[in-house]
Amino acid sequence: MKILFLSAWILSFIQLTILSQNKIEIRVISKLPQDQKVFIAGNKTELGNWNPDKISLNKINDSTWSKMFDFKIGETIEFKFTKGSWDEEALNESCKISGNIVHKVSNDTTLVFRITHWGNSRLKLTGQITGIVRYHKNFEGRRVLPRDIVVWLPPSYDSLPDKYYPVLYMQDGQNVFDPLTSSFGIDWQIDETADSLIKSNSIQEIIVVGIYNTTKRGTEYRNTELGSAYSNFIVEELKPFIDKNYRTIPDRNNTAIGGSSGGGLISFILIWEHSDVFSKAACLSPVFKINNIDYVAPLRNYLGSKKNIKIYIDNGGLGLEELLQPGIDDMLTTLKEKGFVEDSDLLYFKDATAEHNESAWAKRVYRFLKFMFPNK
């Protein structure tokens, strides 16, 4: 059995053994109190969809926890370990939070780490939001789970009651404005960035609608039956509600969609399949083509006229970002073959030093805001 030793910046001891072509045993060894539970949180339903207290490992002895999982050969899994919350996750040797552990299922493998520190190295969060937000709790839709909706209003919204605004709809809404609600305690800071760009006259004033994800995120954010239901929910139920209750400019030219990772994929799907509703999309670190996901093929097979839309695509270069690169390259090539012109109706940016996380995406927010909502 092949043994790989990962770099020393992850001081954890995890034994991850593929026992057959699709079985992975994950073990964690760490000195903890006798009644302590250990959880795994990752990017698959089997890994809890990043819920820090959903998937517990089975205790073997006072310092060992283990659990068996089934994954397909070729799948890429990402995960971390916690003691039940993001305030108690595995830290590196410097007592800092590390990036996700990324593993592509291929053959019998043992990955060895040692967890010596647990906790939260982030600054204490205050949940401060720049500007005014309004919440619509447990917003219901047909054939999708209820979810919270958060609406950020531009600086002049209350003082200019006769003014109407373009709208940007964002996936993973809990991660958009508030570190207290963000999955990993770091938000996109769209509120601060948009506020600054608006006040410097760099972009138009806009309304930003954050759509919270659910436990079905992995299926909703893809070209699946549930993904189609989710898209219809946004187009047929959420957008009409926002247009009715807020002073929006509802036409397609003033309506945009955006997201990252799977959220970048579903945002692309929405603008491609509903270009009568959306004219602009921001797709950060999008999962266009990897494993059993492929949304490049539908574009290659598209024989219609060139769509009148603007698309922003970006990505990083480390960890999962590197695995997503071939699919992004294929999508960019295909879009150009369909008539899209870079720096005109297609803008691509790559930060080779960036990882696949909210902190990296927050640094690139200004790029797509200036591309989609330039101050005319």
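Here's what I pulled together on the structure shown here. All values reported here derive from a predicted model rather than from experimental measurement. (Residues numbered from 1 in each chain as written. Predicted model: local features only at pLDDT ≥ 70, side-chain atom pairs only at ≥ 80, totals over all residues. Heavy atoms only, no water.)

## A closer look at the overall build of the chain
Then, in step 1: Of the regular secondary structure elements, the chain holds 8 helices and 22 strands.
Then, in step 2: Every one of the 376 residues in the chain was classed for burial, and the buried ones make up 55%.
Then, in step 3: Long-range contacts, defined here as pairs at least 24 residues apart, represent 74% of the contacts in the chain between residues at least 6 apart.
Then, in step 4: Surface accessibility of the chain: about 16500 Å² in total, with carbon and sulfur atoms responsible for 49%. (Helix = DSSP H or I, 4+ residues; strand = E, 2+ residues; numbered from the N terminus. Buried < 20%, exposed > 50% of the residue type's maximum accessible area, 1.4 Å probe, protein only. Contact = heavy atoms within 4.5 Å. Areas by Shrake-Rupley, 256 points an atom, 1.4 Å probe, with all protein chains shown as cover.)

## Points about the packing of aromatic side chains
Then, in step 1: In total, this model carries 15 aromatic pairs according to the counting rule given.
Then, in step 2: Taking the centre distance of 5.6 Å and the plane angle of 35° together, the rings of tyrosine 157 and tyrosine 165 count as tilted.
Then, in step 3: Relative accessible area serves as the criterion here: at 0%, tyrosine 165 is assigned to the buried category.
Then, in step 4: Taken together, the ring pairs in this structure connect Phe268, Trp272, Phe288, Tyr295, Tyr302 and Phe340 into an aromatic cluster.
Then, in step 5: Its end group placed over the ring of tryptophan 272, lysine 307 keeps NZ or CZ at 5.0 Å from the ring centre. (Phe/Tyr/Trp six-rings, centres within 6.5 Å; stacked < 30°, edge-to-face > 60°. Lys NZ or Arg CZ within 6 Å of the ring centre and 35° of its normal.)

## What about the pairing of strand β22 (residues 346-350)?
Then, in step 1: By the bridge criterion, 5 bridges tie strand β21 (residues 310-315) to β22 in an arrangement that is parallel. Its bridge partner lying in β22, asparagine 315 is registered against lysine 350.
Then, in step 2: Regarding the hand of the β-α-β motif, the stretch spanning β21, helix α6 (residues 320-337) and β22 is right-handed. (Pairing = 2+ DSSP bridges. Right-handed = clockwise from strand over helix to strand, strands pointing away.)

## Focus on unusual backbone geometry
Then, in step 1: Although it is not a glycine, tryptophan 50 sits at a positive phi angle of roughly 70°.
Then, in step 2: Its place among the elements puts tryptophan 50 in the loop between β4 (39-42) and β5 (55-56).
Then, in step 3: With a phi close to 70°, aspartate 343 is a non-glycine residue in the positive phi region.
Then, in step 4: Within the secondary structure, aspartate 343 sits in the loop between α6 and β22.

## Here we look at the nonpolar core
Then, in step 1: Core analysis: the largest hydrophobic core is formed by 52 residues, its most contacted members being Val209, Phe268, Ile313 and Leu335.
Then, in step 2: Setting aside residues up to four positions removed in sequence, leucine 335 forms contacts with Phe268, Trp272, Leu299, Ile311, Ile313, Phe340 and Leu346.
Then, in step 3: Counting residues in each nonpolar core, the second largest holds 29 residues, with Val150, Phe177, Ala194 and Leu369 among its members. (Core = buried A, V, L, I, M, F, W, Y, C linked by side-chain atoms within 4.5 Å.)

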